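Structural overview
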Amino acid sequence: MSRAFNPPDTLSQDNIRTVADVRRTVWINGIFGLGAGSVTGMMSHIVLQKLQRHYIGDEAASDSSKFPPKNAAKKSGFMYRCLRLLPPLGKNTFLLSLLGGGALGSFVMSTTAGKNAVHLLHPIFQVGKDEHAGKSPYQIATANAQKQQLTGDATSGQRTEEVDELDADHHRIRSLRRSQSI
């Protein structure tokens, strides 16, 4: 059974509804994209097929080097040069255009809908988050120290100056040791 039917207990009803709305939006736009892409692929195939028949004629079905074109002016045109590169368009290429357009349209529309709706999910990502998950004790200590520096205790100003002097001495000694070892 899907996890969508059994959401975690940490999510409120509003969070569950938001996740369902985003999921629904992605699916609906994916289906719209499938339809729009299929129609676009079908129409582009039909238009290209008509243009190919008009500009190239029967030459598309056979080798273009054996038969001279019907009209020499058509051969030198831009459309002729573009359309002669295409294979002869028929039933198989029609199905390819239909299905390829549908797949591309579905992908683009559902991805766009997901990217547009992801901002609704950001608060839900923070639900039940462990602030120190995956951090080492040192990382936790530095994060706590940074928080204390941001709060700015009155006594921490004097201690920081002492620590800075100790840090400067420590770094000076360390750099001297390093240069001696080299």
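Observations concerning a nonpolar patch on the surface
The grouping of I28, F32 and M109 at the surface amounts to a nonpolar patch, some 280 Å² of accessible area in total. Here F32 shows up in helix α1 (residues 13-55).

So, the nonpolar core
Counting residues in hydrophobic clusters, the biggest one holds five residues: L11, V22, A117, L121 and I124. Sequence-distant contacts of L121, that is, excluding residues within four places in its chain, are made with T18, V19 and V22.

Section: α1
Over its 43 residues, α1 runs 62 Å from end to end, which matches the ideal 63 Å to within 8%, given 1.5 Å per residue. Those residues of α1 not exposed but buried are N15, V22, G30, G33, G37, S38, G41, H45, Q49 and Q52. Positive phi shows up at G57, right after α1, with a value of about 75°.

Topic: the side chain of S38
Position of S38 relative to the elements: it lies in helix α1. At 2.8 Å, the side chain of S38 and the backbone oxygen of L34 are in polar contact.

Topic: the confidence of the model for the protein chain
Per-residue confidence for the protein chain averages 80 on the pLDDT scale, and 80% of its residues sit at or above 70. Ranking the elements of the protein chain by mean pLDDT puts helix α2 (residues 72-75) last with 56 and helix α4 (residues 91-117) first with 95.

Conventions used here
Residue indices follow the written sequence of each chain, beginning from 1 at its first position. The predicted origin of the model limits local features to residues at a pLDDT of at least 70 and limits the giving and counting of side-chain atom pairs to 80 or more, whereas totals for whole chains, interfaces and linings rest on all residues. The basis for every side-chain value is the complete set of heavy atoms in the structure, and neither hydrogens nor water enter the calculation. The patches described consist of residues with a relative accessible area above 30% and no salt bridge, like charges being joined within 9 Å and nonpolar side chains (Val, Leu, Ile, Met, Phe, Trp, Tyr) within 5 Å. Method for areas: the Shrake-Rupley scheme with a 1.4 Å probe, in which residue coverage is limited to the protein chains shown. A pairing counts as a salt bridge when a side-chain nitrogen of Lys or Arg comes within 4 Å of a carboxyl oxygen of Asp or Glu. The helix count covers DSSP runs of H or I at least four residues long, the strand count covers runs of E at least two residues long, and both are numbered beginning at the N terminus. We call a set of buried residues a nonpolar core when its members are Ala, Val, Leu, Ile, Met, Phe, Trp, Tyr or Cys and they connect through side-chain atoms within 4.5 Å of each other. The classification of residues rests on relative accessible area computed with a 1.4 Å probe and restricted to protein chains. Under 20% of the type maximum is buried, over 50% is exposed, and intermediate values are partly exposed. Any two residues having at least one pair of non-hydrogen atoms within 4.5 Å are treated as being in contact. Expected span of a helix: the number of residues minus one, times 1.5 Å. Polar contact is defined as a pair of N or O atoms within 3.5 Å, subject to the rule that within protein one atom must be able to donate a hydrogen and the other to accept it, and that residues adjacent in sequence are counted only when both atoms are side-chain atoms. Confidence of the predictor at the level of single residues is captured by pLDDT, which takes values from 0 to 100.

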